[in-house]
Amino acid sequence: MIRRFLAVLHARNIEFVQDRSTLGWNLLLPVVLVFGLATVFSSPYRSMFKVGVVSEMASLEDEPNEFLQLRYIDFIKVSDPADALMRVERHQLDMLLDLRVDPPRYWINDESRQAYILERLLGSGADARAQREKVSGLAVRRIDWLVPGILGMNMMFSCLFGVGYVVVRYRKNGFLKRLSATPLRAAEFAAAQIVSRLLLIMLITVIVFVGTDYFLDFRMEGSYLDLLLVAALGAFSMVALGFAVAARLNSEELAGGLLNVASWPMMILSGVWFSLEGTNPIVQKLALIFPLTHMLEAARAIMLDGNGLAGVLPQMATLAIMSGLLLAAGAAMFRWQPD
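The shown structure was predicted, so the numbers you read here are calculated from the model rather than taken from an experiment.

Counting 66 residues, the largest nonpolar core has Met155, Met156, Leu176, Phe189, Leu292, Met295 and Met303 as the members making the most contacts within it. Looking at this core, the elements with two or more residues in it are helix 5 (142-172), helix 6 (175-180), helix 7 (186-216), helix 8 (224-245), helix 9 (252-269), helix 11 (291-305) and helix 12 (313-333). The greatest single-element share of this core, amounting to 16 residues, is contributed by helix 5. Core analysis: the second largest hydrophobic core is formed by 15 residues, Leu99, Ile108, Leu118 and Leu122 among them.

Summed over all chains, the structure comprises two salt bridges. The closest approach of N and O atoms between Arg100 and Asp98, which form a salt bridge, is 3.0 Å. Given a relative accessible area of 3%, Asp98 falls into the buried group. Of the charged contacts in the structure, one is a salt bridge between Glu221 and Arg219, with a shortest N-O distance of 3.1 Å.

Attention now moves to the packing of aromatic side chains. Applying the stated criterion to the full structure yields nine aromatic pairs. Feature note: the residues Tyr170, Phe189, Phe243 and Phe334 constitute an aromatic cluster, connected by ring pairs. The aromatic ring of Trp145 is capped on one face by Arg300, whose charged end is 3.6 Å from the ring centroid.

For a regular strand, the rule is simple: side chains alternate between the two faces of the sheet. Where strand 1 (residues 49-54) meets strand 2 (residues 73-77), five bridges bridge the pair, whose relative direction is parallel. By the bridge assignment, Phe49 is partnered in strand 2 with Ile73. In this structure, strand 1 lies alongside strand 3 (residues 95-98), joined through four bridges in parallel fashion. Its bridge partner being in strand 3, Val54 is matched across the sheet by Asp98.

Rules and cut-offs
Residues numbered from 1 in each chain as written. Predicted model: local features only at pLDDT ≥ 70, side-chain atom pairs only at ≥ 80, totals over all residues. Heavy atoms only, no water. Core = buried A, V, L, I, M, F, W, Y, C linked by side-chain atoms within 4.5 Å. Buried < 20%, exposed > 50% of the residue type's maximum accessible area, 1.4 Å probe, protein only. Helix = DSSP H or I, 4+ residues; strand = E, 2+ residues; numbered from the N terminus. Salt bridge = Lys/Arg side-chain N within 4 Å of Asp/Glu carboxyl O. Phe/Tyr/Trp six-rings, centres within 6.5 Å; stacked < 30°, edge-to-face > 60°. Lys NZ or Arg CZ within 6 Å of the ring centre and 35° of its normal. Pairing = 2+ DSSP bridges.

By themselves, these are just geometric observations and shouldn't be taken as functional.
Shown next as structure tokens:
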């Protein structure tokens with residue numbers, strides 16, 4: 001059994017490495033995106049203020065506070081003040097305002113330009129008597145926040161199409177039919193495809209991360225090993241999704257369409273390019289059905305917040321459950337030959 005598995009694994013690895021265009025795309029795309037976005041977002045200025053608000057009201061629209069009526073400020077209702085205070089330290093929130101006490105209290109980071117303007121706006125209104133608190137901390141650069149999303153997006157496309165599309169192509173051209181006549185079992189074939197893609201995408205991701213980190217020096221508060229484990233589990237979950245989609249399809253066009261249906265909502269809603277904080281709660285709930293969402297949340301918690309595996313256990317447990325369900329579904333539906 002081990003020899004059959006290793007034979008298929010070796011063949012799939014050789015096939016991928018010899019496909020120079022695919023290999024080059026997987027290496028070049030994330031590098032171009034990382035450096036391009038690092039240049040685009042290199043400016044220290046932002047066009048919008050973000051204020052976290054601690055309130056006892058069900059909605060901030062019910063608050064009579066004059067300051068909350070100002071335009072061009074994004075007011076975000078905060079449920080965890082401690083987490084919000086950490087975001088102020090990292091310059092992800094420009095101010096934290098607590099309206100549960102009278103007079104109100106607010107926290108700003110003295111090193112933030114936005115905080116300086118917001119304090120003047122707050123002091124010129126009805127909350128001039130608000131009590132001032134101060135925190136300190138270095139800003140999280142835009143590229144530090146984006147790099148997990150860029151690499152995660154590259155992993156997502158490679159995992160979904162690298163397994164899903166390939167398995168459908170094998171079935172369509174009769175390769176799976178020929179394999180079915182050998183002693184190779186379906187479970188061995190599936191395991192070889194999944195492990196091959198997982199090894200290759202993790203190798204490529206590590207190379208890209210280390211190479212770009214050498215020049216850009218990404219913020220890394222947690223453990224590199226923890227980050228690697230989260231990336232591996234996230235990649236495994238997305239490989240399982242690709243395998244489940246392709247388990248019995250024999251049309252490359254249909255497979256490509258279904259894989260795009262799975263990948264594009266993930267790219268938009270999983271926090272690749274922007275945070276979903278402050279968006280419609282329905283959108284935030286919808287994002288939780290995607291494995292990429294949980295992988296990026298865990299990766300950023302490790303890189304930016306310094307969390308260990310215990311701190312990202314909910315995300316890892318969700319990824320593990322998703323992987324198991326998707327693998328079970330793929331195994332149940334798998335067919336060697338077209339229906």
